[in-house]
Amino acid sequence: VCDAVRYAHARGVVHRDLKPENVALGEFGEAVVLDWGLATLPGQEEAAADPLAAHIQAFRDASDFQTIAGALGTPGYMSPEAALGDTEATGTRSDVYSLGAILFQILTGRLPHTFETFPELAMKLLKEDAPAAAEIDGDVPEALSDLCAACLARDPDARPATANAVAEAIRTWQVERERDREV
């Protein structure tokens, strides 16, 4: 998934709605990232701002996900800047946040923040750090727990700079785990 996102970012495309439901396994075992409907394209006017605003608001009204107009993404996976609808600040590091939320869920079986309504989630995103994955599940390796914490930083500048950095951290952990197993 990180590699697919890295490929998109290298071409100036930001997904803005990464979540497990938007990932599929391809015919040859590769991860395929789906649903690029909220993505930004280089040199294009903000595509999601006006045409989808009514549709997004209707979904929120029906789902009790009331929030600031213009928020982009799926609650639980969206970054703080995306929850605020700050399209200027929503960029590649916002996708890194979403990758961290997906990894957190893989490791712990739950989202980083628990919430009942979108306003509750928005307040948590703005005021609370996500718990460490290792605090939720003691079997989570420290390196992966630390990676999740870095990806889920409230400040975009504190997150890994790229999806490639996230992929490399995961690959490094995999190699070290295999080496430890061999020893």
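As a reminder, the structure under discussion sits directly above these lines.
Notes on the structure in this doc start here. Because the structure is a prediction, the values reported are computed rather than measured.

1. Description of helix H5 (residues 118-127)
Point 1. When we look at burial in H5, the residues that qualify are Phe 118, Leu 121, Ala 122, Lys 124 and Leu 125. With its buried residues spanning 165 degrees around the axis, H5 presents them on a single face.

2. Examining the environment of Ala 82
Point 1. Here Ala 82 is to be found in helix H3 (residues 80-83).
Point 2. Spatially, the C-alpha atoms of Ala 82 and Asp 17 are 9.5 Å apart, while their sequence positions differ by 65 residues.

3. So, the packing of aromatic side chains
Point 1. Overall, the coordinates contain zero aromatic pairs when judged by the stated rule.
Point 2. Taking the ring centre of Tyr 7 as reference, the NZ or CZ of Arg 11 above it sits at 3.7 Å.

4. A few points about the side chain of Thr 90
Point 1. The residue Thr 90 is located in the loop between H3 and helix H4 (92-108) in this model.
Point 2. On the basis of relative accessible area, Thr 90 is assigned to the buried category, the value being 8%.
Point 3. Here Asp 86 takes part through its backbone oxygen, which lies 2.7 Å from a polar atom of the side chain of Thr 90.
Point 4. Setting aside anything within four residues of it in sequence, one finds Thr 90 in contact with Arg 16, Glu 81 and Ala 82.

5. Topic: the packing of helix H1 (residues 2-10) against helix H8 (residues 163-182)
Point 1. Look at H1 against H8: their axes get within 8 Å of each other, and the N-to-C directions meet at 155 degrees. Between H1 and H8, the angle is such that the two are roughly antiparallel. Judged by the twist between their axes, the crossing of H1 over H8 is left-handed. Every residue of H8 that contacts H1 at Cys 2, Asp 3, Val 5, Arg 6 and His 9 is listed here: Ala 163, Asn 164, Val 166, Ala 167, Ile 170 and Arg 171.
Point 2. Of the residues in the contact of H1 with H8, the class split is six nonpolar, two polar and three charged.

6. A closer look at the side chain of Thr 74
Point 1. Mapped onto the fold, Thr 74 is located in the loop between helix H2 (53-63) and H3.
Point 2. Side chain to side chain, Thr 74 and Asp 17 meet in a polar contact 2.5 Å long.
Point 3. Those residues in contact with Thr 74 that lie beyond four places of it in its chain are Asp 17 and Lys 19.

Rules used in this analysis
- Residues numbered from 1 in each chain as written.
- Predicted model: local features only at pLDDT ≥ 70, side-chain atom pairs only at ≥ 80, totals over all residues.
- Heavy atoms only, no water.
- Buried < 20%, exposed > 50% of the residue type's maximum accessible area, 1.4 Å probe, protein only.
- Helix = DSSP H or I, 4+ residues; strand = E, 2+ residues; numbered from the N terminus.
- Arc of directions from axis to C-beta.
- Phe/Tyr/Trp six-rings, centres within 6.5 Å; stacked < 30°, edge-to-face > 60°.
- Lys NZ or Arg CZ within 6 Å of the ring centre and 35° of its normal.
- Polar contact = N/O pair within 3.5 Å; in protein donor to acceptor, adjacent residues only side chain to side chain.
- Contact = heavy atoms within 4.5 Å.
- Axes fitted to C-alpha atoms, helices over the stretch in contact; angles between N-to-C directions.
- Parallel < 35°, antiparallel > 145°, perpendicular 65-115°, else oblique.
- Left-handed = near helix turned anticlockwise from the far one by under 90°.
- Nonpolar A, V, L, I, M, F, W, Y, C, P; charged D, E, K, R; others polar.

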